[in-house]
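The lines below spell out each chain.
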Amino acid sequence: MSIASAPDFFLTRVGDELVFNHGQATPLNLNVPKKRILVVGGGVTGFTTAWALLDAGYDVTIIAERWADPKNRITSQIAGALWEFPPAVCGKHTDVISLHNSKRWCMTAYRVFDKLQETMARSDYFDHGVQMRMANFFFDQKMENMPDRGQLDKFEEIMAEKDLKGVRRDASIVLEHEVNQKAGVVDAYQHLAPVIDTDAYMNWLRFVLVCKGAVMETRRINGDLLDQEEELLAEYGTDAIVNATGLAGLELAGDESVYPLRGALIRVVNDGKMFPKVTEALAVTHDDTRGEDEDIVFIVPRNDNTLIIGGLAQPHKYELDLTLDSPEIVRMRERCNNFVPGLERAEYDPDAPLVQGLRPFRGSNVRVERELRSRPDGSMSRIVHSYGQGGAGFSLSFGCASDVLELIEEVELGLSIYTIRTISYYAH
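Note that the structure is predicted; figures quoted are calculated from it, not measured.

Calculation rules
Residues numbered from 1 in each chain as written. Predicted model: local features only at pLDDT ≥ 70, side-chain atom pairs only at ≥ 80, totals over all residues. Heavy atoms only, no water. Helix = DSSP H or I, 4+ residues; strand = E, 2+ residues; numbered from the N terminus. Buried < 20%, exposed > 50% of the residue type's maximum accessible area, 1.4 Å probe, protein only. Contact = heavy atoms within 4.5 Å. Areas by Shrake-Rupley, 256 points an atom, 1.4 Å probe, with all protein chains shown as cover. Phe/Tyr/Trp six-rings, centres within 6.5 Å; stacked < 30°, edge-to-face > 60°. Lys NZ or Arg CZ within 6 Å of the ring centre and 35° of its normal. Core = buried A, V, L, I, M, F, W, Y, C linked by side-chain atoms within 4.5 Å. Salt bridge = Lys/Arg side-chain N within 4 Å of Asp/Glu carboxyl O. Pairing = 2+ DSSP bridges. pLDDT = per-residue confidence, 0-100.

1. Side note on the overall build of the chain
- Counting secondary structure elements, the chain contains 11 helices and 17 strands.
- Across the 428 residues of the chain, 56% fall into the buried class.
- Put simply, of all contacts in the chain between residues at least 6 apart along the chain, 73% involve residues at least 24 apart.
- Accessible area for the chain stands at about 18,000 Å²; split by element, carbon and sulfur atoms hold 51% of it.

Encoded structure:
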């Protein structure tokens, strides 16, 4: 199947998740006027939400200050984009409900990405950039012996997920990947996971949205959306607004709990000439029980020719001023070099040897909910928020979009915010 048949693949909501379908969609009732939704944000969360809305029969306008560009990358392009079962490598959730929802959201994304790459061959002229690769996670002690049961509990949940493929725990994985003995890892597990070439995927996703009728406008919005909600609804002729602006939620949602977690990745040539070609993801998770800020190892094939190595997780750092000579980047490179023999010989990607960005975190983790504040006139807001996905934007994308659809339906029905969300949170 090629991208020319874009109208022949679509998302539907089944239960509480989105499902990827290939074939002819059920015709919409043309006698019912379409309603338009304004999506603010052009990253993976905004784009995925827009796709779900379009396939649900809405007209969609997307506004963003910047769009994906390989020469001037947005945060979604800089992301590691290795699908992970939460909590992810770069940090833990602090909110029980958010963690519970994230496990559901990530499995929705897993199934969609898996079906997408099965249905659409990467050899098609417009590459979506999604591959299923083996992801390997390593530990410096047996998970049963760790002071915190978090990693063992996570693995047991992974084992229980029937749709996760290739799950295996075996210390011999360390030897199979010839991990340097000085790295001190003694336990490991693996499973197949979607790995996304972010440049290719964001370009592909934008093309899909255009094919499906999305309108895109380059524009920066300043200030709290609630203060300008009525004007935006009138200006764009929309029935509701989706805020998918990531870190800008600090300003646009008046959310003072939003903060950046600065990250950086080194990009190297992965052609097998200077070191054995890496074809699987290799990761060591951040262990916050040790009080160390720099312990992540993140080595992932971005595509068939580029390897990304990291990682870095620096809270409340807004400056994008890191260089290859910055002390934390030098240490990051050394950690990865010490993990995979030969990696020290890797040549930098000539186009982008170092990329850096700000993961959008918040105090209570992911926010997918309606605006809780009332308008100045006391009426209910028609804003739905989806931001704060941190370093898991791709892993949570389709799951969050599914919940946004439900919330938009609540807005259309004029349902009360508090009673519906209380029931919904504990029903999932």
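After that view of the structure, there is still more to cover.
2. Quick look at unusual backbone geometry
- The omega torsion of the bond from Gly310 to Gly311 falls at 10°, within 30 degrees of zero and hence cis.
- Topologically, Gly311 is positioned in the loop between β13 (306–310) and β14 (314–315).
- Notably, Ala81 is not glycine yet its phi reads approximately 55°, a positive angle.
- By the element assignment, Ala81 lies in the loop between α2 (75–78) and α3 (96–119).
- On the basis of relative accessible area, Ala81 is assigned to the buried category, the value being 8%.

3. Description of the packing of aromatic side chains
- Applying the stated criterion across every chain yields a total of 17 aromatic pairs.
- Ring centres of Phe138 and Phe339 lie 5.3 Å apart, and the angle between their planes is 70°; this geometry places the pair in the edge-to-face category. Residue Phe138 is found in strand β5 (residues 130–139), and its partner Phe339 is found in helix α9 (residues 327–339); the two are separated by 201 residues along the sequence. A single burial state applies to Phe138 and to Phe339, both of which are buried.
- Between the aromatic rings of Phe155 and Tyr189, the centroid separation amounts to 4.9 Å while the plane-to-plane angle is 40°, which identifies the pairing as tilted. Of the two residues, Phe155 is situated in helix α4 (residues 150–160) and Tyr189 in strand β7 (residues 187–196); the sequence distance between them amounts to 34 residues.
- By relative accessible area, which is 1% here, Tyr189 ends up buried.
- Cluster of aromatic residues (ring-pair linked, three or more members): Phe9, Phe20, Trp51, Phe113, Tyr201, Trp204, Phe394 and Phe398.
- Of note, Arg169 hangs over the ring of Phe155, and the distance from its end group to the ring centre comes to 6.0 Å.

4. Some remarks on the nonpolar core
- Core analysis: the biggest nonpolar cluster contains 84 residues, and Trp51, Tyr201 and Trp204 have the highest contact counts within it.
- Discounting chain neighbours no more than four positions away, the residues touching Tyr201 are Val44, Phe113, Leu116, His128, Val130, Ile196, Phe394 and Phe398.
- Judged by nonpolar contacts, the second largest core, of 27 residues, contains Ile173, Ala264, Val297 and Cys336.

5. Let's talk about the environment of Thr108
- Take Thr108: it is sitting in helix α3.
- In contact with Thr108, other than residues within four places in its own chain, are Glu17, Leu18, Phe398 and Gly399.

6. Points about the side chain of Thr238
- Tracing the backbone shows Thr238 in the loop between α7 (229–236) and β9 (240–243).
- Taking relative accessible area as the criterion, Thr238 reaches 10% and is therefore assigned buried.

7. Some details on the pattern of salt bridges
- For the structure shown, the criterion picks out 34 salt bridges.
- One salt bridge in this structure joins Lys103 and Glu157, with 2.8 Å as the shortest N-O distance. Remark: Glu157 occurs in helix α4 and Lys103 occurs in helix α3; sequence separation between them is 54 residues.
- Overall, the relative accessible area of 19% leaves Lys103 in the buried class.
- Taking the shortest distance from any N to any O, the salt bridge between Arg133 and Asp304 comes out at 3.3 Å. Highlighted residues: Arg133 in strand β5 and Asp304 in the loop between β12 (297–301) and β13, separated in sequence by 171 residues.
- Residues joined in a network through salt bridges with shared partners are Arg13, Asp16, Arg104, Asp403 and Glu406.

8. A closer look at the pairing of strand β17 (residues 383–387)
- Burial of β17 is extensive: 5 of the 5 residues sit out of reach of the surface.
- Burial along β17 is two-sided: the residues Ile383, His385 and Tyr387 and Val384 and Ser386 are all buried.
- The pairing of β9 with β17 spans 3 bridges and is classified as parallel. Opposite Ile241, over in β17, you have Ile383 as the bridge partner.

9. So, the confidence of the model for the chain
- Summing up the model confidence of the chain, the mean pLDDT is 90 and the portion of residues at 70 or higher is 89%.
- Taken as a whole, residues 419–428 scores under 50 in pLDDT and shows 16 contacts with residues more than four places along the chain or in a different chain.

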